[in-house]
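Letter by letter, the chains look like this.
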Amino acid sequence: MPLRLILTRHGKSCWLEAGVKDHDRALNKRGAEGSVKIGAWLSTKFGDNDKIIASTSRRTVETWAQISKSFDNPPEPRYTKRLYMADPDEMLKVLSETKDAYRV
């Protein structure tokens, strides 16, 4: 059975505020609403997902919380800080290191 990789970006987030680290920025209203819409589109287009691997950033966690509302059986995501600000090579490393654990 072939595997499908779907990459998404977090929803629109709040501007960086004094005292708030980039990693801790929340989604703004537009980002939350957009995440719900992309979740609806993804669930219609691809059905339920088997595995989710995501960054630990607050806006990413909040994005998945909104996206997952559109799925009947959303999987528990595996969050890793390694994906926060990761370049493509690091993303591929994370994916390759977890492929056996996430084989469908």
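Residues numbered from 1 in each chain as written. Predicted model: local features only at pLDDT ≥ 70, side-chain atom pairs only at ≥ 80, totals over all residues. Heavy atoms only, no water.

1. Concerning the pattern of salt bridges
Per the counting criterion, the structure on display carries six salt bridges. Measuring nitrogen to oxygen at the nearest pair gives 3.0 Å for the salt bridge that ties Arg 59 to Asp 22. Separated by 37 residues along the polypeptide, Arg 59 in helix α2 (residues 58-67) and Asp 22 in the segment before α1 (29-46) bring together distant segments of the chain. Arg 82 is the salt-bridge partner of Glu 97, the closest N and O atoms lying 2.6 Å from each other. Of this pair, Glu 97 sits in helix α3 (residues 88-98) while Arg 82 sits in the loop between β2 (78-80) and α3, placing them 15 residues apart in sequence. For Glu 97, a relative accessible area of 53% translates into the label exposed. Each of the salt bridges in this network shares a partner with another, and the network as a whole consists of Asp 22, Arg 25 and Arg 59. (Salt bridge = Lys/Arg side-chain N within 4 Å of Asp/Glu carboxyl O. Helix = DSSP H or I, 4+ residues; strand = E, 2+ residues; numbered from the N terminus. Buried < 20%, exposed > 50% of the residue type's maximum accessible area, 1.4 Å probe, protein only.)

2. Considerations on a nonpolar patch on the surface
The grouping of Leu 5, Leu 7, Leu 92 and Leu 95 at the surface amounts to a nonpolar patch, some 420 Å² of accessible area in total. By the secondary structure assignment, Leu 7 is in the segment before α1. (Patch = residues over 30% accessible without salt bridge, like charges linked within 9 Å, V, L, I, M, F, W, Y side chains within 5 Å. Areas by Shrake-Rupley, 256 points an atom, 1.4 Å probe, with all protein chains shown as cover.)

3. Let's talk about the side chain of Thr 63
Assignment of secondary structure puts Thr 63 in helix α2. Beyond its immediate chain neighbours, meaning those up to four positions away, Thr 63 contacts Arg 9, His 10, Gly 11, Leu 27 and Ser 35. (Contact = heavy atoms within 4.5 Å.)

4. Description of the packing of aromatic side chains
A complete count under the given rule lists two aromatic pairs for this structure. Note on Trp 41 and Phe 46: the rings are 5.9 Å apart at their centroids and 80° apart in plane angle, and the pair reads as edge-to-face. Look at Phe 46 and you get partly exposed, because its relative accessible area is 27%. (Phe/Tyr/Trp six-rings, centres within 6.5 Å; stacked < 30°, edge-to-face > 60°.)

5. Topic: the confidence of the model for the chain
Residue-level pLDDT values for the chain average 89, and 92% of them are 70 or greater. Looking over the chain, one finds the lowest element-wise mean pLDDT in α3, namely 90, and the highest in α2, namely 97. (pLDDT = per-residue confidence, 0-100.)

6. Brief notes about the environment of Gly 31
With respect to the helices, strands and loops of the structure, Gly 31 is situated in helix α1. Separated by 19 residues in sequence, Gly 31 and Lys 12 place their C-alpha atoms 4.0 Å apart. Gly 31 has contacts with Gly 11 and Lys 12, leaving out every residue within four places of it along the chain.

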